[in-house]
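Overview (structure and organization)
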Amino acid sequence: MAPEPNRSVKFRAALKREIPVLIQRGILTEEGASKITSLYEFDDIGKESSRLLAAVLFTLASLLIGGGVISFVAAHWNEISRGPKVALLFGTLLAFYIAGYWFKYRSGWPRLGHALIFCGCLIFGANIGLLAQIYQVSGSWYGLFGVWAVGVLLMSWAVRSWITGVLVIVTSLVWMVGFANDYHERLATVYPFLLAITLLPLAWVIRSRVLYTLTFLGLICALPALAIAQLSADGYMLIALAAGGFLSWAVGEFHRATGLREEFGTPLVNLGIAALASGAFLWSFKHMWHWLDLGDPNQFYWLIPAGCAVAAGVAAIARAWPKMDGSQRRFALGAIMVFVLVCLAMPSYRFNRVLPVIITNLAALVIAGVCIGRGILEERRLIFWAGSLYVATLVISRFFEYESSLLLKSVAFILCGIITMIAGIAYERFLHRREAVVQ
Amino acid sequence: MNRRTLFFLLAVAAQILILAAVPAQKIYTRATGKSVMLKIRPVDPYNILSGYYVTLNYEITDPSSFPGAKDVSGNLVYAIIEKGSDGVWHPVSLTNSFPANLPENRLAIRGRYNYWRTTYGIEEFFIPEDKRDEIEKGLRENRDQARAEIKVDSKGNAALVRLLIGDHVYDN
């Protein structure tokens, strides 16, 4: 499959700014510039930003109007008899969908139509609850969210909408948590697969970075939630969280290396790093291991989706490996190393209470190293500072966590300071070397 | 009709069907079922109202109300109830299969059994916001006189119709 152009507005805007410089220096011809302009659709960049703003405004307006309509109806709800109530519920839903369809496909106001359809999906959820009230339908609280998610999923595919897809993630996650904790913990194992199968292709088809990334976030949340529900304990939550984080990071590296939907890569890598960093940081505290409850050892179904996530992550890295350059390979290995360290922390807990704390701290330091290294090599300030802040937080946390002598603390701080200084000097040297190469 | 219009219509139709399916069983049971009056058991006075609904406990909710309930296995159960001289229906037995040829004064209600509690889908009564205080007070003062009118269809499905607390009747 041939690599595709990066569709990110930020990237295209930066590239557009560079075109005159490249032409002026003789690097790019006018004909080449014209081809790039056509390929990256530079003329649409301004329009896309305006469209996004319009979509946000219309969605907000629809939410406010929908909320107003619901409040107005609620104010008179008790005075209305059952038949008109039901008619009102169905009528409101259809009115939003008809108006949404008209604006989206017929009148040239697609963003307004999209917003009205999204509002219709919210009304659909409210209607399920209200119909259950009118006819005294009792049942599990999470059932509403499950049914809501199914209806909204169909609509998100029908209108190719990322925002209704996000609503599916939220509602289905709520359903899964309730369902798994209501004696269905084994059956709930299918949830991560369903989420991936139903939403990732949609995000791919409509090229939605937000939906794609949030679907991975849904998977990252679902895996530890399943482990907790099945084990009735939080003992293996870290491994499940790390599996989701690793998957996201690895798939992100795949997109970046292969150029397939390249714009999906960076958000996924950042999400994966954030998930692993959160897990490693939380479990770097010794008290997390002292209170650890491993739960029922016979409940291992959560390992199926977690194992599949890891296998998919490894497959993504293996597939992208030939196309990765040196630094990308080091980052991919960093992802694997962090995941392995986090997984090693758990069995080490059975032998020693101190070892897992050391391992998770080490994993956290590797994550910080990857972030700082990536920030330097890719000249991305945000990730560089995120890594620096992370390591600083880690050091400060250990400072307050352990009651050691001030002398030891002073040695630790001086060492950290020296290491930071060495890193700064290395960074400066790197910049000088780069400048020399450019000149 | 183009494909996107067709898909949109199908999605809307599916949502309408889902909405219709939510109360369908209750509507059918209300229309075709036999009226039954059940005694409400005193509920935890500190947890009568959960949000906008009353949590109801019946005699038949407690499996120990049925002789031989320990022999029941599995999740799906049928509670056999009998009409008493006071007009209220009382528990007789709990079984795993739908009983055939019940006498006129007996009925079977389909429920879900989980060892300490059996639920029949009639445990929550949704109430309007302005009646919350009144119902809560009524339930506290008439803990032994509260009744629920339900309907039971030919398959044993139950639907909650109204709540009777003292002299008041609450019908949503």
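Refer to the structure printed above.
What this report covers is the structure whose coordinates are included nearby. None of these values were measured; they are calculated from a predicted model.

The next thing to look at is the overall build of chain B. Along its length, chain B carries 2 helices and 11 strands. What you see in chain B, going N to C, is helices and strands ordered as α-β-β-β-β-β-β-β-β-α-β-β-β. Classification of the 172 residues of chain B by burial places 44% in the buried group. Expressed as a percentage of contacts within chain B between residues at least 6 apart in sequence, the contacts between residues at least 24 apart total 65%. Counting only carbon and sulfur atoms, one obtains 51% of the accessible surface of chain B, whose full area is about 9000 Å².

Residue and element names in this part refer to chain A. Viewed as axis vectors pointing N to C, helix α10 (residues 237-258) and helix α11 (residues 265-282) meet at an angle of 155 degrees, and their least axial separation amounts to 7 Å. Between α10 and α11, the angle is such that the two are roughly antiparallel. Note on packing geometry: the crossing formed by α10 with α11 is left-handed. Of the residues in α11, those in contact with Leu238, Leu241, Ala242, Gly245, Phe246, Ser248, Trp249, Val251, Gly252, Glu253, His255 and Arg256 of α10 are Gly265, Thr266, Leu268, Val269, Leu271, Gly272, Ile273, Ala275, Leu276, Gly279 and Ala280.

Looking at soluble globular proteins, one finds that nonpolar side chains tend to be buried together. With 124 residues, the main nonpolar core has A:Tyr97, A:Phe124, A:Met155, A:Phe216, A:Trp289, A:Trp302 and A:Ile367 as its most contacted residues. Tallying contributions element by element places α10(A) first for this core, with 13 residues.

Residues and elements named next belong to chain A. In total, this model carries 0 disulfides over all chains according to the counting rule given. Unpaired in this structure, Cys221 has its nearest cysteine sulfur neighbour in Cys343, at a distance of 18 Å. Lacking any disulfide linkage, Cys343 is separated from the closest cysteine sulfur, that of Cys308, by 15 Å. Exposure remark for Cys343: the relative accessible area of 21% places this residue in the partly exposed category.

Right, let's get into a negative patch on the surface. A contiguous patch of negative charge on the surface is contributed by A:Glu79, B:Glu129, B:Asp130, B:Asp133 and B:Glu134. Residue placement: B:Glu129 occurs in the loop between β8 (124-126) and α2 (132-141).

Residues and elements named next belong to chain B. Summarising burial for strand β5 (residues 89-95): 5 of the 7 residues are buried, a large majority. The pairing of strand β4 (residues 76-83) with β5 spans 6 bridges and is antiparallel. Its bridge partner lying in β5, Tyr78 is registered against Thr95. Connecting the antiparallel pair β4 and β5 is a turn made up of 5 residues, with Gly87 showing a positive phi of about 85 degrees.

This part covers helix α9 (residues 209-231) of chain A. Residue and element names in this part refer to chain A. Over its 23 residues, α9 runs 34 Å from end to end, which matches the ideal 33 Å to within 8%, given 1.5 Å per residue. Of all the 23 residues making up α9, 17 are buried; the element is thus mostly covered by neighbouring parts of the structure. The first or second residue beyond α9 is Ser232, which carries a positive phi of 55 degrees.

Okay, unusual backbone geometry next. Backbone geometry follows two general trends: most residues other than glycine have a negative phi, and most peptide bonds adopt the trans configuration. One non-glycine residue with positive phi stands out, namely A:Gln136, at about 55 degrees. You can call A:Gln136 buried: its relative accessible area is 0%.

Next up on the list: the interface of chain B and chain A. Contact residues are listed per partner, giving 29 residues for chain B and 32 residues for chain A. For the pairing of chain B and chain A, the buried interface totals around 2800 Å² over both sides, and the portion due to carbon and sulfur atoms is 66%. Ranking the residues of chain B by area buried against chain A places B:Phe8, B:Gln15 and B:Leu19 at the top, with a combined share of 26%. The interface formed by chain B and chain A includes 0 salt bridges. Here chain B is connected to chain A by 6 residue pairs in polar contact (both at pLDDT 80 or more). Elements with a minimum of two residues in the side of chain B that touches chain A: α1 (3-32) and β8 of chain B. Examining the composition of the side of chain B that touches chain A, we find that 17 residues originate from one element, α1(B), more than from any other.

Take α1(B) next. With 30 residues, α1(B) extends 41 Å from end C-alpha to end C-alpha; this agrees with the ideal 44 Å at 1.5 Å per step. The sharpest bend along α1(B) reaches about 40 degrees and sits at B:Pro23.

Enumeration according to the criterion identifies 7 salt bridges over all chains in this entry. In this structure, A:Arg207 and A:Glu263 form a salt bridge, with 3.4 Å as the shortest nitrogen-oxygen distance. Taken together, the residues span a long stretch of sequence, with A:Arg207 in the loop between α8 (191-205) and α9 and A:Glu263 in the loop between α10 and α11 at a distance of 56 residues. With relative accessibility at 32%, the residue A:Arg207 sits in the partly exposed group. Under the relative-accessibility criterion, A:Glu263 is labelled buried at 5%. Put simply, B:Arg162 and B:Glu149 hold a salt bridge, and the shortest N to O gap is 2.6 Å. Of this pair, B:Arg162 sits in strand β10 (residues 158-165) while B:Glu149 is found in strand β9 (residues 147-152), placing the two residues 13 residues apart along the sequence. For B:Arg162, a relative accessible area of 24% translates into the label partly exposed. Among the residues examined, B:Glu149 registers a relative accessible area of 12% and is labelled buried.

This part is about the packing of aromatic side chains. Residue and element names in this part refer to chain A. One pass over the structure, following the stated rule, counts 23 aromatic pairs over all chains. Relative to Phe339, the ring of Phe246 lies with its centre 5.1 Å away and its plane at 25 degrees, an arrangement referred to as stacked. In this pair, Phe246 sits in helix α10 while Phe339 sits in helix α14 (residues 326-349), placing the two residues 93 residues apart along the sequence. In this pair, the class of Phe246 matches that of Phe339, namely buried. With centroids separated by 5.3 Å and ring planes inclined at 5 degrees, the aromatic side chains of Phe300 and Tyr301 adopt a geometry described as stacked. Residue classification places Tyr301 among the partly exposed residues on the basis of a relative accessible area of 27%.

Moving on, we get to the side chain of A:Thr258. Tracing the backbone shows A:Thr258 in helix α10. Separated by 2.7 Å, the side chain of A:Thr258 and the backbone oxygen of A:Phe254 make a polar contact.

What counts, and at which threshold
- In every chain, residue numbers begin from 1 and rise along the written sequence.
- Labels are handed out in written order, letters beginning with A for the chains and numbers beginning with 1 for the ligands.
- Only residues with pLDDT of at least 70 are given local features in this predicted model, and only at 80 or more are side-chain atom pairs given and counted; all residues enter the totals for whole chains, interfaces and linings.
- Excluded from the side-chain calculation are hydrogens and water; included are all heavy atoms of the structure.
- Per the convention used, a helix needs a DSSP run of H or I reaching at least four residues, while a strand needs a run of E reaching at least two, with both numbered from the N terminus.
- Accessibility here uses a 1.4 Å probe with only protein chains present; expressed as a share of the type maximum, an area under 20% marks a residue as buried, one over 50% as exposed, and anything in between as partly exposed.
- By definition in these notes, contact holds between two residues if any of their heavy atoms fall within 4.5 Å.
- For accessible areas, the Shrake-Rupley method is used with a probe of radius 1.4 Å. Any residue's cover is judged against the shown protein chains and nothing else.
- Axis angles are defined between N-to-C directions and span 0 to 180 degrees, where every axis is a line fitted to C-alpha atoms and, for a helix, only to the segment in contact.
- Note on angle classes: values under 35 degrees are labelled roughly parallel, values over 145 roughly antiparallel, values of 65 to 115 roughly perpendicular, and the remainder oblique.
- Helix crossings get a hand from a simple test, with the near helix turned counterclockwise from the far one by less than a right angle marking a left-handed crossing and a clockwise turn marking a right-handed one.
- For the purposes of this section, nonpolar cores are sets of buried Ala, Val, Leu, Ile, Met, Phe, Trp, Tyr and Cys residues that join through side-chain atoms within 4.5 Å.
- Criterion for a disulfide: a pair of cysteine sulfur atoms within 2.5 Å.
- Only residues whose relative accessible area exceeds 30% and that take part in no salt bridge are eligible for patches, with like-charged residues grouped when within 9 Å of each other and nonpolar side chains (Val, Leu, Ile, Met, Phe, Trp, Tyr) grouped when within 5 Å.
- We count a salt bridge whenever a side-chain nitrogen from Lys or Arg sits within 4 Å of a carboxyl oxygen from Asp or Glu.
- In this charge count, Lys and Arg are treated as positive and Asp and Glu as negative; neither His nor the chain ends contribute.
- Think of each charge as sitting on NZ of Lys, CZ of Arg, CG of Asp or CD of Glu.
- When DSSP finds two or more bridges between a pair of strands, those strands are recorded as paired.
- Expected span of a helix, by definition, is 1.5 Å for each gap between consecutive residues, and there is one gap fewer than residues.
- Two parts lose some accessible area (1.4 Å probe) when they are put together, and adding that loss for both gives the buried area.
- Think of a polar contact as two N or O atoms within 3.5 Å of one another; within protein, one of them needs to be a possible hydrogen donor and the other a possible acceptor, and neighboring residues in sequence only count if both atoms come from side chains.
- The bend reported for a residue corresponds to the angle between axes fitted to the seven residues ending at that residue and the seven starting there.
- Here a pair means two rings of Phe, Tyr or Trp (six-membered ring of Trp) with centres within 6.5 Å. Their orientation is stacked below 30 degrees between planes, edge-to-face above 60, and tilted elsewhere.

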